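For reference, the chains in residue letters:
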Amino acid sequence: MEAEPVNILVTGAAGFVGKNLCAELRNRKLGEVLEYDLNTDPALLSVYAKECDFVFHLAGVNRPKEEKEFMEGNFGFTSLLLSALEEYGNKAPVLVTSSIQAQLDNPYGKSKKAGEDLMRAYGEKTGAPVLIYRLPNVFGKWCRPNYNSAVATFCYSIARDEEITVNDPERMMQLVYIDDVVEECIAALEGRGRGAVTPVHEIKLGRIAELLYSFRESRKTLSLPDFSDPIAKKLYSTYLSYLPREDFAYPLKMNTDERGSFTEFLRTPDRGQVSVNVAKPGIVKGNHWHHTKNEKFLVVSGEAVIRFRAPNETDVIEYRVSGQALEVVDIPPGYTHNIENVGTTDLVTVMWANEPFDPERPDTYFLKV
């Protein structure tokens, strides 16, 4: 039997978490998404409250013009939502995103705590499942800069070469990534939620700024961050999402001569570097060997012969490769090697080396194959 259609109400659907959640709910085809936000016809709240099978209550106020709007937005609207659900006897589970500031004695925290208390009372009264998630700072794509996220503001400004202000570099931040928030929300929808978003990343504010500046400079250094560090990986993805639309592309330095060109593309501290080599018809490149450095050659356009010879031997090993049938050729240490364009068009080869080129220690020794 096919499962019954699920109607999923998302309040605050146009907000940061809401946009990401709605997009993924649709990606996974988990049900009909009923979006409700500030610009939605208020009459639809009653309609959605009657029809929904699950509620993600994400709506809230973070930066009001007046303090009273905290309570109106974070408590008042929650009251309206729960009253509408209760009116129709709808005991659909309700997941609400609160804040770790709910434990603080400030207007925002008080309004969040009041909303939590209202949710608990509703659950006890009606028997409807209530899931309360206290979130720390959330970061990721589609978060509004210059609003309530230091990460979003830093990303936006640094990507535009604007100055940022780091008042307390030593301040320890607790962050959760938007994809992890969405994953936990969907797990809760499917009855397998853990009750908290993990992992929570702890990182100093000054370190966040350092990483973001290094991401900007990477277009010049070509050096990618260490993606084995989860927070660096997530911050890099976030930073790229704030690039100005006219600034997605950037030039590379092409080393050109009569033979063709050689262009470094990427380099990493622990995974080597990637370059693109272009050779004109009839050109032979290489004729050198390495002690430790090793490479992988991938011809993506044209035809080539890659040759190897051990320095103390006379036998030559040949591999014929073509962009018509992609094949990786390993270049082991201890073999002098070259690559010849035997076709009639430019030969384009993607080359990976296990370590970035260091002019002080090139580990490259000329010897004809």
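Described in the following lines is the structure provided in the data block. All figures in this text were calculated on a predicted structure; none of them were measured in a lab.

Let us look at the overall build of the chain. A count of helices and strands for the chain gives 8 helices and 19 strands. A compact globule built from 369 residues should have a C-alpha radius of gyration of about 21 Å, whereas the chain, at 28 Å, is more than 25% larger. Here the C-alpha coordinates of the chain stretch approximately 90 × 60 × 35 Å along the principal axes. Expressed as a percentage of its 369 residues, the buried residues of the chain come to 43%. Sequence-distant contacts in the chain: of pairs separated by 6 or more residues, those separated by 24 or more amount to 72%.

Further remarks concern helix α1 (residues 16-27). Its 12 residues place the ends of α1 17 Å apart at the C-alpha level, agreeing with the 16 Å of an ideal helix rising 1.5 Å per residue. Backbone geometry just after α1 places Lys29 at a positive phi near 50 degrees.

Turning our eyes to something else, we now look at the sheet that holds strand β16 (residues 328-331). With antiparallel pairing, the 6 strands of this open sheet are ordered in space as β9-β10-β11-β18-β13-β16. Every interior strand has two partners, whereas the edge strands, β9 (254-257) and β16, have only one. Within this sheet the neighbouring strands show an average axis-to-axis angle of 20 degrees, counted without direction. Two elements, strand β10 (residues 260-268) and strand β11 (residues 272-279), share 8 bridges in a ladder whose sense is antiparallel. Among the inter-strand pairings, Gly260 is bridged to a residue of β11, identified as Ala279.

Moving on to the packing of aromatic side chains. Given two aromatic rings, one states the distance between the centres and the angle between the planes to describe the pair. Scanning all chains against the criterion turns up 9 aromatic pairs. Measuring from ring centre to ring centre gives 6.0 Å for Phe215 and Tyr239, while their planes differ by 55 degrees; the resulting arrangement is tilted. With Phe215 in helix α7 (residues 205-221) and Tyr239 in helix α8 (residues 230-240), this residue pair connects regions lying 24 residues apart in the sequence. Both residues of the pair, Phe215 and Tyr239, belong to the buried class. With 6.0 Å between their ring centres and 90 degrees between their planes, Phe308 and Tyr319 make a pair best called edge-to-face. With Phe308 in strand β14 (residues 303-309) and Tyr319 in strand β15 (residues 317-322), this pair connects stretches of sequence that are 11 residues apart. Three or more aromatic residues joined by ring pairs make a cluster, and in this case those are Phe215, Phe227, Tyr236 and Tyr239. For the cation-ring pair, Lys141 lies above Trp142, with the distance from its terminal atom to the ring centre recorded as 4.8 Å.

Conventions adopted
Residues numbered from 1 in each chain as written. Predicted model: local features only at pLDDT ≥ 70, side-chain atom pairs only at ≥ 80, totals over all residues. Heavy atoms only, no water. Helix = DSSP H or I, 4+ residues; strand = E, 2+ residues; numbered from the N terminus. Rg over C-alpha atoms; globule rule 2.2 N^0.38 Å. Buried < 20%, exposed > 50% of the residue type's maximum accessible area, 1.4 Å probe, protein only. Contact = heavy atoms within 4.5 Å. Expected span 1.5 Å × (residues − 1). Pairing = 2+ DSSP bridges. Axes fitted to C-alpha atoms, helices over the stretch in contact; angles between N-to-C directions. Phe/Tyr/Trp six-rings, centres within 6.5 Å; stacked < 30°, edge-to-face > 60°. Lys NZ or Arg CZ within 6 Å of the ring centre and 35° of its normal.

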